[in-house]
Amino acid sequence: MKQLWMLMAWFAFSSAVDAQYKFDVYPTYKGNDLGLTYTPTSSVFRIWSPPASAMELKLYEIGMGGVAKETIQMQKSESGTWVAVVNRDLKSMFYTVRAKINDRWGNEVTDPYARATGINGQRAQVIDLKETNPVGWEKDQSPNFSDQNLPTDAIIYELHIRDATIDEESGAKHKGKFLGLAETGTKNKAGLSTGLDHIKELGVTHVHLLPFYDYNSVDETKTGQYNWGYDPVNYNVPEGSYSTDASDGRTRIRELKQMIQAFHQNGLRVVMDVVYNHTALTETSNFNQLVPGYYYRQKPDGSFSDATACGNETASERAMMRKFMLESVVYWVKEYHIDGFRFDLMGVHDIQTMNLISDTLHKIKPDILLYGEGWTAGASPYPEEKRAVKKNAHLLKGIAVFSDDIRDGIKGSVFDIKDRGFATGKTANTESVKFGIVASLPHLQIDMSKVNYSKEPYASSPANVITYAECHDNNILWDKIALSVPGASEEERKKMHELALTIVLTSQGIPFLHAGSEFLRSKFGEENSYNKGDSVNAIRWGLKTKNKELHEKIVSLISMRKEHGAFRLTNNRLVNNSIRFLDTQIEGVIMYTLDMEYFRWTKKDTWLNCLMIFNGTNNPQTITIPGEWKLVSMGKAQTNSRVVKQIGVKPKEAMILAQVLD
């Protein structure tokens, strides 16, 4: 029996090796004209499909339904590509391609490099991209977000486009659309700013928008459909449900550009959430119909591997998948003026590809912001030491990873509703929060044996880490607090929430906020709201009125962070020289000094030192402090305050004190 098992394993391994060898011998196309090259006099279509014995181009007058107006046999060309040249103006026509492989015609699919599509992305569209530019687009520029535009100067705000304006109190005319987020002057019933004006008022620098490429789960022929969009179909096409006319590829492009232009004009940069780690479809995806198996990793038995828990995982290490990813992000930067990318399940991708992307994009836009999830959702056959997982963060160049250490250190495990964190009374998480405060860097005062997940530092600099307490995934902060501390009063939960966000906004690394957290947004306990609709996901702008005090405190913390460079240290040496943890003799109380001497001489900072005290216990504490300090309120040192020797700190309270230059 053992011999039979070994023989079967050998055959499976041999099959996988044979398949990989077949992929390796496919030629790599070096040109930059894959997809459609349009002019008014001709359209050139070039599709990569080495295993095809024939290829057809089908032209349609409409984007959905009907029959093809013309079928054109494509001609075999260099390096595994197929080409068709049509010498007339095809503008506004739609097209699909299909390949004949192993004597069998596949499905009609969109060109993977398509830049415009019709309804539901079923057919690509021939357009002139110059006609999609809004007035003044050629002058659009990314705004500065600090003197030097360094990664640690960024403050990220994660937002779903539909969530932002769909609520009745948003005041937006184009609710749930690209154009809704381009509107200014919108207010809720109490006259407080909403939408774009609110984000600008908050003071963040970058708006991270959940996927807005063309995705699979929303039927664009219907209204009221909802999804986060982590199921990509056409990577280089804007999602039609966010436009006023999903049937016209030009409209969705133009309106997305209008939104980005509005953000830039209001001093905000735009980060695009991208999902190159898997496709919504597997066997029937355009990738797989044109080059079966090539774009995906396989298990030893030849079946699709699934480190994404979505049915497949892409093979970024293969030359043409690497090329596709690189050319896609470059296209978004050049055509749409995108300012950064967040890579979903980045731990699936290989380090070499990610560093190539980073090197290329930083040459185009030196201050571009790049970050991603340093993990997978399952096992991958590609070696972990070669993938962009968190433990390999120090090998990534100009790319940050999310710190789940501080996230769960602050609020408790995202996978256990009842688990608490430092901000909700679990004092055992103290060291995990301290590790997050120093941005996952080596620090002599951190006991790594007590850190929740990582047992050794993994970051190369503060710019290598995203510091956060919540995101769209799992229970958002306000809900997690309610679920894990069911006996707490609303006022007690508010203190926990404020403590959590204060830790995020005063720690080293790149801070990241989830939209609406600044006024206690809730999703009513929905742990995974990806398809739960507006009733759960909409940002209810009335909450800004109800929780105005917290909103104003978050505004002041953001302003304080931007004003004082010591909250935005740029290297390990500065972190170790500037941060000194003090022993309070009380478990669950974190106290540290932040030396600002360096910034007093280089940036004319009026603060000499900062003292941070976080009380994660359920009791008021009297803390002995070194020297004389001024209380900091609403981000400003109160010159008429004087604190010496001792200070009282309430349960779940964050206190900030400063020594100020006279």
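Here we summarise the structure given alongside this text.

1. Comments concerning the pattern of salt bridges
Logical step 1: Evaluation of the coordinates by the stated rule reveals 37 salt bridges.
Logical step 2: Arg 568 is paired through a salt bridge with Asp 153; the nearest N and O atoms lie 2.7 Å apart. Remark: Asp 153 occurs in the loop between strand E9 (124–125) and strand E10 (156–159) and Arg 568 occurs in the loop between helix H14 (548–563) and helix H15 (572–578); sequence separation between them is 415 residues. Here Arg 568 matches Asp 153 in class, with each residue buried.
Logical step 3: Between Glu 373 and Arg 342 there is a salt bridge, with the nearest N and O atoms lying 3.4 Å from each other. Note that Glu 373 is positioned in the loop between strand E16 (369–372) and strand E17 (400–402) and Arg 342 in strand E15 (residues 340–343), a separation of 31 residues in sequence.

2. Things to note about the pairing of strand E18 (residues 465–468)
Logical step 1: A two-sided burial pattern is seen for E18, the buried positions comprising Val 465 and Thr 467 on one face and Ile 466 and Tyr 468 on the other.
Logical step 2: Summarising the sheet, E17 and E18 pair through two bridges and their orientation is parallel. The partner of Phe 402 across the bridge, within E18, is Ile 466.
Logical step 3: Note: E18 against strand E19 (residues 510–514), three bridges, orientation parallel. Pairing of Thr 467 across the sheet is with Pro 511, part of E19.

3. Overview of the pairing of strand E26 (residues 654–660)
Logical step 1: In terms of burial, E26 is a largely internal element, five of the seven residues being buried.
Logical step 2: In terms of strand pairing, strand E22 (residues 607–615) meets E26 through seven bridges, oriented antiparallel. When the bridges of E26 are listed, Cys 610 appears paired with Ala 658.
Logical step 3: Inspection of the sheet shows strand E23 (residues 621–633) paired to E26 by two bridges, in the antiparallel sense. Looking at the pairing, Leu 631 lines up with Leu 657 of E26.

4. Some points on the sheet that holds strand E11 (residues 206–209)
Logical step 1: Spatial strand order, E10-E11-E14-E15-E16-E17-E18-E19: eight strands in a closed barrel with parallel pairing. When the angles between neighbouring strand axes are averaged without regard to direction, this sheet yields 30 degrees.
Logical step 2: Seen against the sheet, helix H11 (residues 490–506) touches E18 and E19 and runs at an angle of roughly 145 degrees to E19.

5. Some points on the sheet that holds strand E5 (residues 75–76)
Logical step 1: On the basis of which strands lie adjacent, the open sheet formed by four strands has the order E1-E2-E6-E5 and antiparallel pairing. Strands with a single pairing partner mark the edges of an open sheet, and in this sheet they are strand E1 (35–38) and E5.
Logical step 2: In this structure, E1 lies alongside strand E2 (residues 43–48), joined through four bridges in antiparallel fashion. Residue pairing in the sheet places Tyr 38 in a bridge with Ser 43 of E2.

6. So, the side chain of Ser 461
Logical step 1: Examined against the element boundaries, Ser 461 turns out to sit in the loop between helix H9 (430–437) and E18.
Logical step 2: Sequence-distant contacts of Ser 461, that is, excluding residues within four places in its chain, are made with Leu 441 and Thr 570.

7. Observations concerning the packing of helix H3 (residues 195–202) against H14
Logical step 1: Interhelical geometry of H3 versus H14 gives an angle of 55 degrees and a closest axis separation of 9 Å. Between H3 and H14, the interaxial angle falls into the category oblique. Taking contact as the criterion, the partners of His 198, Glu 201 and Leu 202 in H3 are, on H14, His 551, Ile 554, Val 555 and Ile 558.
Logical step 2: Considering only residue class, the contact of H3 with H14 consists of four nonpolar, two polar and one charged.

8. So, the nonpolar core
Logical step 1: Ranked by internal contacts, the top residues of the largest apolar core, which has 160 residues, are Phe 212, Trp 332, Phe 341 and Phe 343.
Logical step 2: Top element by residues in this core is helix H6 (residues 319–336). It accounts for 11 residues.

9. Digging into the packing of aromatic side chains
Logical step 1: Taken as a whole and judged by the stated rule, the model has 34 aromatic pairs.
Logical step 2: One cation-aromatic arrangement involves Lys 257 over Tyr 336; the distance from NZ or CZ to the ring centre is 5.6 Å.
Logical step 3: Positioned above the aromatic ring of Phe 581, the side-chain terminus of Lys 434 is 4.9 Å from the ring centre.

10. Some details on helix H10 (residues 477–484)
Logical step 1: Counting buried positions over the eight residues of H10 gives six, a clear majority of the element.
Logical step 2: Turning to H10, its buried residues number three or more, namely Leu 477, Trp 478, Asp 479, Lys 480, Ile 481 and Ser 484.
Logical step 3: Of the surrounding secondary structure, the elements contacted by the buried residues of H10 are helix H8 (404–411) and H11.

11. A few points about the environment of Asp 367
Logical step 1: Looking at the secondary structure, you find Asp 367 in the loop between helix H7 (351–364) and E16.
Logical step 2: For the pair Asp 367 and Gly 398, spaced 31 residues apart in the sequence, the C-alpha separation amounts to 9.7 Å.
Logical step 3: The contact partners of Asp 367, leaving out residues within four places of it in the chain, are Phe 145, Asn 149 and Arg 269.
Logical step 4: At 3.1 Å, the side chain of Asp 367 and the side chain of Asn 149 are in polar contact.
Logical step 5: Polar contacts involving the side chain of Asp 367 include one to the side chain of Arg 269, which spans 3.0 Å.

12. Some remarks on the packing of H11 against H14
Logical step 1: Axis separation between H11 and H14 bottoms out at 10 Å; the angle between their running directions is 15 degrees. In this view, H11 runs roughly parallel relative to H14, as classed from their interaxial angle. The way H11 lies across H14 gives a crossing that is right-handed. Where H11 approaches H14, its residues His 497, Glu 498, Leu 501, Thr 502, Val 504, Leu 505 and Thr 506 are matched on the opposing element by Leu 550, Lys 553, Ile 554, Leu 557, Ile 558, Met 560 and Arg 561.
Logical step 2: By residue class, the composition of the contact of H11 with H14 is eight nonpolar, three polar and three charged.

13. Considering the environment of Lys 411
Logical step 1: Locating Lys 411 in the fold gives a position in helix H8.
Logical step 2: Lys 411 sits 299 residues away from Pro 112 along the chain, and the two C-alpha atoms are 41 Å apart.
Logical step 3: Filtering out sequence-adjacent residues up to four positions away, Lys 411 remains in contact with Asp 419, Arg 420, Gly 421, Thr 424, Ala 469, Glu 470, Asn 475, Leu 477 and Lys 480.

Conventions we followed
- Residues numbered from 1 in each chain as written.
- Predicted model: local features only at pLDDT ≥ 70, side-chain atom pairs only at ≥ 80, totals over all residues.
- Heavy atoms only, no water.
- Salt bridge = Lys/Arg side-chain N within 4 Å of Asp/Glu carboxyl O.
- Helix = DSSP H or I, 4+ residues; strand = E, 2+ residues; numbered from the N terminus.
- Buried < 20%, exposed > 50% of the residue type's maximum accessible area, 1.4 Å probe, protein only.
- Pairing = 2+ DSSP bridges.
- Axes fitted to C-alpha atoms, helices over the stretch in contact; angles between N-to-C directions.
- Contact = heavy atoms within 4.5 Å.
- Parallel < 35°, antiparallel > 145°, perpendicular 65-115°, else oblique.
- Nonpolar A, V, L, I, M, F, W, Y, C, P; charged D, E, K, R; others polar.
- Core = buried A, V, L, I, M, F, W, Y, C linked by side-chain atoms within 4.5 Å.
- Phe/Tyr/Trp six-rings, centres within 6.5 Å; stacked < 30°, edge-to-face > 60°.
- Lys NZ or Arg CZ within 6 Å of the ring centre and 35° of its normal.
- Polar contact = N/O pair within 3.5 Å; in protein donor to acceptor, adjacent residues only side chain to side chain.
- Left-handed = near helix turned anticlockwise from the far one by under 90°.

None of this, on its own, says anything about what the molecule does.
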